[in-house]
Amino acid sequence: KKMPGVAVGQAMPEHATLVWTIDGPFGGTVAWSYADGRATVLDEAPAQPTVGLAADTANFTTLCCGRSDARPEKVQITGDAALARAVLDHIGFTP
């Protein structure tokens, strides 16, 4: 339930919320709020997060691994589209 990279405080404004919904094996929904440059996992996803992202397990995994075959354009975005793109642009954490 950790979100690395730019999503942890660097791109997320104070009091913003981020919700990832992953469809498929090991899927589910995880939500974070951001304050003081830190992310906190929420018990429940807010009805209207600052950024909502949804992807299937395979695409989420390739995005997080920074693979060249990741498909950020296949991620469904709700909320702040520019902030969502910043998260997606910097989500890869495995070299």
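Up top you'll find the structure we're talking about.
Note that the coordinates shown come from a computational prediction; the quantities given were computed from them, not determined experimentally.

### Side note on the overall build of the chain
The secondary structure content of the chain amounts to 2 helices and 5 strands. Reading the chain from its N terminus to its C terminus gives the helix and strand order β-β-β-β-α-β-α. In the chain, which comprises 95 residues, the proportion classed as buried is 33%. In the chain, of all internal contacts separated by at least 6 residues, the share reaching a separation of at least 24 is 57%. Only carbon and sulfur atoms are counted for the fraction: they give 52% of the accessible area of the chain, which is about 5,800 Å².

### Observations concerning the environment of Thr50
Topologically, Thr50 is positioned in the loop between strand E3 (38–41) and strand E4 (51–56). You can call Thr50 partly exposed: its relative accessible area is 26%. Separated by 29 residues in the primary sequence, Thr50 and Gly79 have C-alpha atoms spaced 5.4 Å apart. The residues contacting Thr50, other than those within four sequence positions of it, are Ala16, Thr17, Thr78, Gly79, Asp80 and Leu83.

### A closer look at the nonpolar core
Among the nonpolar cores identified, the biggest contains 19 residues, and Met12, Leu18, Trp20, Leu53, Leu63 and Val75 are the most heavily contacted of them. Secondary-structure elements contributing two or more residues to this core are strand E1 (17–23), strand E2 (28–35), E4, helix H1 (57–64) and helix H2 (81–89). Examining the composition of this core, we find that 4 residues originate from one element, H2, more than from any other. In this view, Leu63 contacts Trp20, Ala70, Arg71, Pro72, Val75, Leu88, Ile91 and Gly92; residues no more than four positions away in its chain are not counted.

### Examining the pairing of E4
A large share of E4 lies buried, amounting to 5 of its 6 residues. As paired elements, E1 and E4 share 6 bridges and run parallel to each other. Pairing of Thr21 across the sheet is with Ala54, part of E4. Bridge analysis of E4 against strand E5 (residues 76–79) gives 4 bridges, and the strand direction is antiparallel. Along E5, the bridge assignment pairs Ala54 with Gln76.

Definitions and limits used
- Residues numbered from 1 in each chain as written.
- Predicted model: local features only at pLDDT ≥ 70, side-chain atom pairs only at ≥ 80, totals over all residues.
- Heavy atoms only, no water.
- Helix = DSSP H or I, 4+ residues; strand = E, 2+ residues; numbered from the N terminus.
- Buried < 20%, exposed > 50% of the residue type's maximum accessible area, 1.4 Å probe, protein only.
- Contact = heavy atoms within 4.5 Å.
- Areas by Shrake-Rupley, 256 points an atom, 1.4 Å probe, with all protein chains shown as cover.
- Core = buried A, V, L, I, M, F, W, Y, C linked by side-chain atoms within 4.5 Å.
- Pairing = 2+ DSSP bridges.

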